[in-house]
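Descriptive structure summary
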Amino acid sequence: MTPAAGTRLVVMLSGRGSNFAALHAASEKPWFNAHIAGVVSDRPQAAGLALARSHGLDTVSVDRQTHADREDFEASLCAAIDGFEPDYIVLAGFMRVLSADFVQRYAGRMINIHPSLLPAYRGLHTHQRVLEAGDRKHGASVHFVTPTLDGGPVLSQVRIEVKPDDTPDSLAERLLAHEHRLICASVALLARVPVEVRHEDIVIDSLRLASPLVLGRDFDEHGHHTGPGQPGQ
Ligand code: GAR
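This one's a predicted model, so the numbers in the text were calculated from it and none came from an experiment.

1. Brief notes about the sheet that holds strand β9 (residues 201-204)
- The three strands lie next to each other as β8-β9-β10, forming an open sheet whose pairing is antiparallel. Among the strands making up the open sheet, the edge pair consists of β8 (195-198) and β10 (207-208).
- Of the strand pairs in this sheet, β9 and β10 are connected by two bridges, and their pairing is antiparallel. Pairing of Ile204 across the sheet is with Leu207, part of β10.

2. What about the packing of aromatic side chains?
- Counted under the stated rule, the structure contains two aromatic pairs.
- Measuring from centroid to centroid gives 5.7 Å for Trp31 and Phe32, while their planes differ by 90°, and the two rings are edge-to-face.
- Among the residues examined, Trp31 registers a relative accessible area of 22% and is labelled partly exposed.
- Residue classification places Phe32 among the buried positions, given a relative accessible area of 0%.
- The ring of Phe73 has Arg96 sitting right over it, with the charged end atom 5.1 Å from the ring centre.

3. As for helix α5 (residues 126-133)
- Along α5, the residues classified as buried are Thr126, His127 and Val130. Seen along its axis, α5 keeps its buried residues to an arc of 100°; they face one direction.

4. What to know about the site of the ligand
- As a structural note, the neighbourhood of the ligand is formed by Arg16, Gly17, Ser18, Asn19, Gly93, Met95, Ile113, His114, Pro115, Leu176 and Glu179.
- Measuring from an oxygen atom of the ligand, one finds a side-chain N or O atom of Arg16 at 2.5 Å.
- One of the side-chain nitrogen or oxygen atoms of Glu179 is found 2.7 Å away from an oxygen atom of the ligand.
- Coverage of the ligand by the protein chains reaches 88% of its 450 Å² of free accessible surface.

Cut-off values and rules
Position numbers for residues count from 1 along each chain, tracking the sequence in the order it is written. Reporting of local features is limited, given that this is a predicted model, to residues whose pLDDT is at least 70; pairs of side-chain atoms are given and counted only at 80 or more, and all residues count toward the totals for whole chains, interfaces and linings. Processing note: side-chain calculations cover all non-hydrogen atoms of the structure and skip hydrogens and water entirely. Here the rule is simple: two strands pair whenever DSSP picks up at least two bridges between them. Here a strand is any run of E in DSSP of at least two residues, a helix any run of H or I of at least four, and the numbering for each starts at the N terminus. Only Phe, Tyr and Trp rings are paired, with Trp represented by its six-membered ring, and only when their centres lie within 6.5 Å; those with planes under 30 degrees apart are stacked, over 60 edge-to-face, the remainder tilted. Relative accessible area decides the class of each residue, using a 1.4 Å probe on protein chains only: under 20% of the type maximum gives buried, over 50% gives exposed, and in between gives partly exposed. Any Lys NZ or Arg CZ found within 6 Å of a ring centre and within 35 degrees of that ring's normal is scored as a charge over the ring. Directions from the helix axis toward the C-beta atoms define the arc. Neighbouring residues are identified by heavy atoms, a residue being near a molecule or strand if any of them is within 4 Å of it. What qualifies as a polar contact is a pair of N or O atoms within 3.5 Å, subject to a donor-acceptor requirement within protein and to the restriction that residues adjacent in sequence count only when both atoms come from side chains. The Shrake-Rupley method, run with a 1.4 Å probe sphere, supplies the accessible areas, and residue values consider only the shown protein chains as cover.

Next up, the structure:
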């Protein structure tokens, strides 16, 4: 995808919307170079949807309960998304599994933030599973969405230390602030450089990404490359 001034985003969420709020705050900064064209939720009561409306953003709620089946529901989701003509779709706490057809439609244009260092801990309860395994490191990942749940190529990660007295809640809370930094920096990067997904590879500025970009090491809070690896500026 060629970056354009004012890359258009659709944010999809199911819950409180703190990652959305971080993106919205970033969208008011000049370095971000992207804006939220619309917010789409599968839950009419989602706090994040109310928050988006309070910011004056266009929102669409697509309630699964009022649709006969998944195909019908996803057709409405597609209509909502396509109506905003997004360059990228950002799943920010969107908690519904999407069909392969749906995901294919937005191949290379849909990213998700997941609270683990993928490929470790796909799925739910990541913080608890990290603690149960005795891991010393935890983190979050931004990946391109493919039909495999939490299995698409990973663009970027942020890493944090697990503390001896951490609980699932304390770990989740501490990581969340870093998720906000990661999602904003990752979207800023996508808005700045051409990024393509070819099969399981991410290609940035014509170079294959050998491993996920680590926030604070390979790229900074504004999505600028800072490390010795890829991509170019
Ligand atoms: C975030 O922690 C996000 O990583 C997670 O849901 C939370 C949403 O919080 N997403 C997933 O677990 C997706 N598999 P938010 O609504 O405050 O942004």
